[in-house]
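# Structural overview
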Amino acid sequence: MVVKSRRLLRSRLSTALFAAMLLPVATGAFAQEEREDSQEQEQTSTTQTTDIDKVVVVGSRISRAQIESAAPVTVLTRADIEREGYQTVADVLQVLSQNTASSFTGDLGVTGFSPNAMVVNLRNLGPGYTLVLLDGKRPAQYPQPYNRDNNVVNVKALPSSLIERVEVLAGGASAIYGSDAVAGVVNIVTRKNFEGNEIRATVGTTSNGGGDSVSLEYAGGRSAERWHTTFGFQYSANEPVFASQRDWLSDTRQNPYGLVVNPSLSLVAIDALGVVVAPNHNAIYPGEDVCDQFGYRTVTTAARGLYCGSHTQVGSRSIWNKGRSYSGYGNATFDATDDIQLFGSATYYTSDGKSSSGTEFWGTAGDQFNQTAAGGQTPFFYDPNIGTILQLQRVFNPFELGGSEAASTLYDETTWSVQGGLRGDIADRFDWEASAAYSRYDYTADRPRLLSKAVHEYFLGEQLGLDPFFGFYPVYELDLDRWSTPLTPEQYRAISTRVINEGKTTSSSVDFTLTGDLWEMPAGPVGFAGIIEAVRQTTDLRSDPRLDVTRPLDENTVYNLVSSGRTSGERDRYAVGAEFRVPITSMLTAQLAGRYDKYDDITSVDDAFTYNLGLEFRPFESLLLRGTVATSFKAPDMQLVFAEGAASFSSVLDEYSCRSGTGPGEGQGPRTRAECNQSGDPTIYQTQTRIAGNPLLEEEESKSYTVGFVWDIIDGLSFTADYYRIKLENAASQLGNDFILQAEAACRLGSWSSSAPRPDLSDEFCSNIESFVTRLQAPGTPGDGRLQSINSAYINTAIQDTSGIDASFRFNHVTDRMGTFFANAEYTLVLTNKYAQFDFEPVTDYRDLPPTFFNPERSRARWSAGWSKDDWRFTWAGTRFGSAWGDQEENGCLTGDNEHVCYSRRLKPYIRHNLSVEKKFGANLVTQLSVLNVLDNQFREDPGNTAYPYYNPWLGADPLGRRFHFSINYKF
C-alpha cells in the first residue's frame, strides 16, 4: 500500500500492547507466543525504543502510536475473547466493567419487547446512549425497539468469526461521531490483515441439561503485489434451554429458599360477590380426578378457598432461545496506482430463532367480548347455573398446545452491510479517504396467540342477557365439560392464530476524511483530522393490523395483545468536524475536536454543535496524566418520533372540563379538582390513550468529564485510574395521563391546580402538552369538548447525572524456565447515580436508595489471569457484580409458613468464574477447552424475592449455569 505509515517512538509496554492489535492473530495461543517473542526481544535491550505503525483507535480519527491518550479506551482482541472462554461478542460486552447494569433484553426476557436481541449499556444510562459502530460506521439498528420505545443495535448479530478486536470508549464522543455517543462508543473492528486459511470448530453443552451448540468457522486471506483480501464464513446453532431443565426453575416448590408456595391459579372461577363461596374464592372445583388429568395439585387456602393448580407450568418457558445462524464477511484492497487504493468490505448475517413462553392463558379479565350494558370491557359475568358473578382464569398446558415448543415465537432476521471507497495521500503529507456505506436489517416475529371471539365462544357461548343483581354484567352459561377437559392440540389450533410483526431499518452514509500533520512545532507535528459526512436512517416497523385496539371487534380480534402501531420515517443528517492534536511541549499534548451536525427530519432538533477538549501530560516516560471535557447529544429515537402508537382505553379526570365548566362539565360550573374527583362525576370518563411519537422532541444534551492517569510501573506492569462524570439534561421522559391533563388545564387556564412544584407554563411547554390532547369539536352537541384521545408521549424534561471511577491493572512477566505469567483486571465503582424526571424536581442520588428508576450495581469488576509455557496455556477469568438492592425495603423475615425465611435489604455481590486450557500441537493446530461459570452460580440470591423466578435478572444472573466448550483450530 502506498499510503505512508508515520512512525513515532513509544514506551515498551505500549509497544507490546499495540502489537497485540496490529499483528494478525490466528489463535489465542499463537497471539500469546507472539507476545512472548516480542517481550523476550525487549529484554535484550531495555533502553531501546521501538518504531511502530500508527493506527486509528476509537475516540479519535487521528492515527497515533499510543493506545493511551486523553480519553480512556479499552481494547479487547479476538485472542482476549477466546482466552476468557466467551463464545460471542455479545457475551463479552455484557461483562464490561463500565456496563454497570445487566440488560437482559434477550433470552431471559421471553415476554419482553426484544427477546431475540442483546445490547450494551455503558454507565447504565440506557443502551440508546451507547453508540455501536462496525468498522467505524453505523450499522442498521434493530427494527424491534428495546423496551418498546428505544432504537438500539443488536450486538447478538455480530458473529465472532468476523471480529479482530473490540474498542470501547466510555465517555462522551459526539464531537467525533455525532449523536448517541453520550455514555460511550463501542467499535467492532473486523478481521483484515490475515494470510492463509484457518478452520475452527467448536461444540458446547451445559452441565444441567439443554443448550447443546456447534459452531464452524472458516477464515481465509490472500494477497499479491497490489491487492489483499480477507474473507470468512460461520455457521452456528444451539438447542434451547427450558426452565424445566433447571431444578429451581422447573417447579415452584423447588425454589431455592425453601418457601412454602401454593399452586398457580390455573383453573379457577372466582366468586366476585361471595354468593356461593366466600368472596374471591374459587366457586367451581372440578374434582381430584379432573385435576389429575391436568397434573394439578389440590389445595385449600384462606385467599382462594378450594382449587387446583400447577407448580410446573412455569418450567415450560425457554431461558435460552433455540437458534441457528449463517454469516459471512469479506474485505479487499487494491492499489490502483502508486497513490490510490481502492477498498471494500461486506458482512452478512441471517438467523432464525425460537423463544417459548411455554403456556397460553385465557381469562375474562382480558376478554374483549365480555362487555357490560354500557359497552365497556369487564372481567365479570353472571352464570345462572352457578348463581353468582364470576371471573374466570384458565392456563393451557404445553401438552394441550402440542409440546413445549408449540407456544414459541419464531424470529427470522437478516442484516447485511457493504462499504467501499478510495484512499490515498496528498504530497506525501496528508492521507485522505472517501467512502460510502449501506446497511440493512430485516426482522420478522411470528408468535402464537388466542383468537378472542373463538375462545370466548368455546367456553361461554352466546350472551343470554344481563345479570339479575345490577342489570349491568353479561349473562353466560359456562360450558363445564369444556372448562374441565384438557384441550387437544387440534382444538388449540382451532381457537388460535399466528401474529406477524415485520420491520426493516437501513443506514446509509457517505463521508470524506483528511488526516495528516499540519506543521511542525518544537515538540513535534500538529496532527489534524477533518470529516464531512452525510447519513440517512430509515425505519419501517409494521405490527399485525389485528392488534390495533381501535379496530372493530370481529372473529380475527386477538386476545390480550396490542401493538405499538406502525413506525415509519426517515432522518437525514449532515455533519462537518475537525480534530487537532497539538504537542505544546515535549511533555504536554492537547487534543481539540469540534463537530457540527445538521438534521433534516420532522423533529425540533435542527442542529447541534459539540466539542471535545483533552490534555495529556507525561512528566516521565512511564507516567501519563490525562483529562477530558466533552459535550455530547442524542437525537430523539426514531421510535419516539414516528410511532403511530398503541391505543388503549382508561378512565381519566378531565381537569380542563372540571375547572372551566365546559364540555362534559358544562352545567356544573367551574369547580376545583377535588370537587370533581368523585365517583360518578361527569368529568370522569373513559378515553383512548395512545403512546405515539412526538415530533416536537429536541436533542438530549450531555457534558462529560474524565481525569486520571496511566502508570507503566515496570516492564510488563501498568495501572490506570480515571474519574468520570456524565450529566445528561433535557432527556426524553414519558408522561402519564393525569399529568398531561393537569398540564393542559394549567396551560389553557393560566395556573396549576396544585401548589406542588410544577413546570413553568412556557409557550414551548404548553405547545408540547396541548399537542398531546385531542378533543371533539362538535358545537351544540353533548359531545362537544369531550376528550377523544391522549398521546402519552415523551417530552424533553429529565435530568440524569452519574459519576464513578474506572481502574485497570495489567501484568505480563516472561521467565526463562517457568513460562509466562499474565494478569489483567478492570474495576468500575459508581459514586453517584442522580436522577430527576422533571427539571423542577430536586435531583436525587439513587446510588444508596432502593431502585425506583434503575437497577444498578455499585461496582463491577472483571479479570483474567493465567500461565503459559511451551504448548500449554491456562486462563482463569471472572466477573464480580457489586452489591445491589433486594426485593424487600428492610431486613427481616417472612411470616406464617415461611417464617424460617429471612432476607437482607442489600444483596451480596454476584461472582462468576471461567477457566480455559489450550494445547498446541505443532505449528498449526490448537485445541481449547473452556468451562464457563465453573461454580455453577446461576443467580444472585434474594430470599425476599418470593415470586417466581425468585431472582432479579437485571442484577446479575446466569441460569444457564456451568457450560463447556471444546474447540479445534487449524491453520494452513
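Quantities reported herein were computed from a predicted structural model and do not represent experimental measurements.

## Observations regarding the overall build of the protein chain
When helices and strands are counted, the protein chain shows 16 helices and 45 strands. Compactness check: the protein chain gives a C-alpha radius of gyration of 31 Å against a globular reference of 30 Å for 972 residues, within 12% of the reference. Along the first, second and third principal axes, the C-alpha set of the protein chain runs to 100 × 65 × 55 Å. A fraction of 72% describes how many contacts in the protein chain between residues 6 or more apart in sequence connect residues 24 or more apart. On the protein chain, roughly 38800 Å² of surface is accessible, and the fraction owed to carbon and sulfur atoms is 54%. Taking the 85 positively charged and 118 negatively charged side chains of the protein chain as two groups, their mean positions are separated by 4 Å.

## Here we look at the confidence of the model for the protein chain
Averaged over all residues, the pLDDT of the protein chain is 88; the fraction at 70 or higher stands at 91%. The low-confidence segment residues 1-52 (pLDDT under 50) makes 128 contacts with residues lying over four places distant or belonging to another chain.

## Regarding the pattern of salt bridges
One pass over the structure, following the stated rule, counts 54 salt bridges. When the shortest N-O distance is used, the salt bridge between Glu-490 and Arg-493 registers 3.4 Å. Residue Glu-490 and its partner Arg-493 are both found in helix α11 (residues 489-494); the two are separated by three residues, about one turn of the helix. Like Arg-493, Glu-490 is exposed. The partner of Asp-540 in a salt bridge is Arg-542, with the nearest N and O atoms 3.0 Å apart. A residue is classified by how much of its surface remains accessible, and Arg-542, at 28% relative accessible area, is partly exposed.

## Looking at unusual backbone geometry
With an omega dihedral of 10°, the bond running from Tyr-948 to Pro-949 counts as a cis peptide bond. In this model, Asp-135 sits at a positive phi of 55°, which is unusual for a non-glycine residue. Turning to its location among the elements, Asp-135 is positioned in the loop between β4 (130-134) and β5 (163-169). Here the phi dihedral of Asn-280 falls at roughly 70°; this positive angle occurs in a residue that is not glycine. Relative to the helices and strands, Asn-280 is located in the loop between β11 (267-271) and α7 (288-294).

## A few points about the sheet that holds β5
An order of β3-β5-β6-β4 is seen for the four strands of this open sheet, with the pairing classed as mixed. The open sheet terminates on both sides in strands that have one partner only, identified here as β3 (73-77) and β4. Ignoring which end each strand starts from, the neighbouring axes of this sheet average 15° apart. As defined by bridge partners, β5 adjoins strand β6 (residues 184-190) across six bridges and the pair is classed as antiparallel. Bridge assignment links Val-168 to a residue of β6, and that residue is Val-186.

## Some remarks on the state of the cysteines
Tallied over the entire structure, the rule returns four disulfides. Note that Cys-658 is cross-linked by a disulfide to Cys-676, the S-S spacing being 2.0 Å. In this structure the cystine formed by Cys-658 and Cys-676 twists about its S-S bond by roughly 90°; its chirality is therefore right-handed. Of this pair, Cys-658 sits in helix α13 (residues 655-660) while Cys-676 sits in helix α14 (residues 673-676); the two residues are 18 residues apart in sequence, bridging distant segments of the chain. As far as the burial class goes, Cys-658 and Cys-676 line up, both buried. Bridging Cys-893 to Cys-902, the disulfide has an S-S length of 1.9 Å.

## Some remarks on the pairing of strand β16 (residues 340-356)
As judged from the 14 bridges shared by strand β15 (residues 322-335) and β16, these two strands associate in the antiparallel manner. Each residue of the ladder has a partner; that of Lys-322, found in β16, is Lys-354. The antiparallel pairing of β15 with β16 creates a hairpin that spans four residues between the two strands.

## Digging into the packing of aromatic side chains
The description of two aromatic rings rests on the distance between their centres and on the angle between their planes. Throughout the structure, instances matching the rule amount to 34 aromatic pairs. Judged by centre distance (5.1 Å) and plane angle (85°), the ring pair of Phe-472 and Tyr-473 falls under edge-to-face. Seen from their ring centres, Tyr-599 and Phe-633 are 6.1 Å apart, and the 90° between their planes marks the pair as edge-to-face. Of this pair, Tyr-599 sits in strand β25 (residues 588-600) while Phe-633 is found in strand β27 (residues 623-634), placing the two residues 34 residues apart along the sequence.

Conventions used here
- Residues numbered from 1 in each chain as written.
- Predicted model: local features only at pLDDT ≥ 70, side-chain atom pairs only at ≥ 80, totals over all residues.
- Heavy atoms only, no water.
- Helix = DSSP H or I, 4+ residues; strand = E, 2+ residues; numbered from the N terminus.
- Rg over C-alpha atoms; globule rule 2.2 N^0.38 Å.
- Contact = heavy atoms within 4.5 Å.
- Areas by Shrake-Rupley, 256 points an atom, 1.4 Å probe, with all protein chains shown as cover.
- Lys, Arg positive; Asp, Glu negative; His and termini not counted.
- Charge placed at Lys NZ, Arg CZ, Asp CG, Glu CD.
- pLDDT = per-residue confidence, 0-100.
- Salt bridge = Lys/Arg side-chain N within 4 Å of Asp/Glu carboxyl O.
- Buried < 20%, exposed > 50% of the residue type's maximum accessible area, 1.4 Å probe, protein only.
- Pairing = 2+ DSSP bridges.
- Axes fitted to C-alpha atoms, helices over the stretch in contact; angles between N-to-C directions.
- Disulfide = S-S within 2.5 Å.
- Phe/Tyr/Trp six-rings, centres within 6.5 Å; stacked < 30°, edge-to-face > 60°.

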